[in-house]
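As a plain string of letters, each chain reads:
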Amino acid sequence: MSWRGVIAAYRAFLPVGAKTPIVTLHEGNTPLLFAPRLSKRVAPDAKVYLKCEGLNPTGSFKDRGMTVAISKAVERGAKAVICASTGNTSASAAAYAARAGLACFVLLPKGKIASGKLAQALMSGAQTIAVKGNFDVALDLVRRIAEEHPVAVVNSVNPDRIEGQKTAAFEIVDALGEAPHYHFIPVGNAGNITAYWKGYREYRQAGKCRRLPRMIGFQAAGAAPIFHDEPVARPETVATAIRIGNPASWQAAKVALTQSNGLVDVVTDEEILEAQLWLAVNEGVFVEPASAASVAGLLKCAGRRPHPECPLAAELHASLIPAAPTIVCTVTGHGLKDPDIVARHAMNAVTVRATKESVLKAMGLA
Ligand code: AN7
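Treat the numbers as computed from the prediction; the structure is a model and nothing was measured. (Residues numbered from 1 in each chain as written. Predicted model: local features only at pLDDT ≥ 70, side-chain atom pairs only at ≥ 80, totals over all residues. Heavy atoms only, no water.)

## Here's the deal with the environment of Leu279
On the secondary structure map, Leu279 appears in helix 12 (residues 269–283). Considering only alpha carbons, one finds Leu279 and Glu147, 132 residues apart in sequence, at a separation of 43 Å. When neighbours within four sequence positions are excluded, Leu279 is seen to be in contact with Leu38, Leu50, Gly284, Val285, Val287, Val295 and Val331. (Helix = DSSP H or I, 4+ residues; strand = E, 2+ residues; numbered from the N terminus. Contact = heavy atoms within 4.5 Å.)

## Some remarks on the pairing of strand 7 (residues 182–186)
Burial analysis of strand 7 places five of its five residues in the buried class, which makes it a mostly covered element. The alternating pattern of strand 7 places Tyr182, Phe184 and Pro186 on one face and His183 and Ile185 on the opposite face, and all of these are buried. Both strand 7 and strand 8 (residues 214–220) contribute to a ladder of five bridges, which runs parallel. By the bridge assignment, His183 is partnered in strand 8 with Met215. (Buried < 20%, exposed > 50% of the residue type's maximum accessible area, 1.4 Å probe, protein only. Pairing = 2+ DSSP bridges.)

## Quick word on the packing of helix 9 (residues 191–205) against helix 11 (residues 250–259)
The interhelical angle for the contact between helix 9 and helix 11, taken along N-to-C directions, is 50°, at an axis separation of 8 Å. As the angle between them shows, helix 9 and helix 11 are arranged oblique. Helix-helix and strand crossings are classified by hand; for helix 9 and helix 11 the assignment is left-handed. Within the contact between the two elements, helix 9 uses Ile193, Thr194, Trp197 and Arg201 and helix 11 uses Ala252, Ala253, Ala256, Leu257 and Gln259. Among the residues making up the contact of helix 9 with helix 11, the classes are represented as six nonpolar, two polar and one charged. (Axes fitted to C-alpha atoms, helices over the stretch in contact; angles between N-to-C directions. Parallel < 35°, antiparallel > 145°, perpendicular 65-115°, else oblique. Left-handed = near helix turned anticlockwise from the far one by under 90°. Nonpolar A, V, L, I, M, F, W, Y, C, P; charged D, E, K, R; others polar.)

## With respect to helix 3 (residues 62–75)
Helix length check: helix 3, at 14 residues, gives a terminal C-alpha distance of 20 Å against a target of 20 Å (1.5 Å per residue), a fit within 8%. Of all 14 residues in helix 3, twelve are buried; the element is thus mostly enclosed. Taken residue by residue, helix 3 has Lys62, Asp63, Arg64, Gly65, Met66, Thr67, Val68, Ala69, Ile70, Ser71, Lys72 and Ala73 as its buried positions. (Expected span 1.5 Å × (residues − 1).)

Here you go:
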């Protein structure tokens, strides 16, 4: 049977009924890719997997939540949806709204959106509004507007989004036959860590796995309100997707971290970019900067040279972790979302004359 999206696959776990019109682009069923080189860097007996969410229809994990949010919006008779976004939510909302025939309004922090994401919102016909302010300001505007006007909010403050996004945890357990020991994940607005934790708990409740993972979240150092336990007024990071200073799901994320005996830590822009490049070069997986935060975090706290101040590193090295740990890193969005990042890596093609000799010289063969 061909895959028909996360609602068809996990209907019994989702808030849909016989009358819910299913709006889907066949999201989900993304690769859980074993990462041999990354595993080796962590520990000789570690098994690290990448949950490659960039392979969703619009190139990020947001599609899992959007299929449920848009389907429910249509069921409730909505004619228009609205969201604030650092880029991926707007790309997803625009596509699913287009599919459903709904009007879509997206509020974006002006100048702080990766070009691929902006292209997606525009091309899907969303009314795209650049706000002279950051994501937190834009989300506040969205909430105030939706209180007074008939537009459905499809940010993750909408519980239908969390419901859809939890299916990624289901897929991981279905693939591994058990939950991993550790789940590493980037944290921005904190909806996804909340969703995974909900998914793992519900799946264990249903008898699909026996263990629950420890949730290990990573924020960008310049946008780390949960880590600092304080809102950040002016968040800054190269990982624009997680440039968020006051996460909507802050409290739920704290519950996930506490209940799972998890941790939240930070990674610098340098660590993020290094991990992004390392992953592309060593595992063939090109992810956007925000997505590399989970891998940067893993490299920070595991491996031969862990960061001295990282609590998880201390723990990993005190051998508190099980032998042969299974670790999943969610890589949340595709590298093509943010093609301009290549400039930050100071890389370029070599230009040569159109002769065999010139090409051979560039190849180092002449
Ligand atoms: C690639 O699109 O918040 O902690 O408005 O695009 O659930 O917010 C995106 C977030 C990680 C953080 N990786 O997830 C938005 C938005 C990527 C992202 C996150 C985002 P949350």
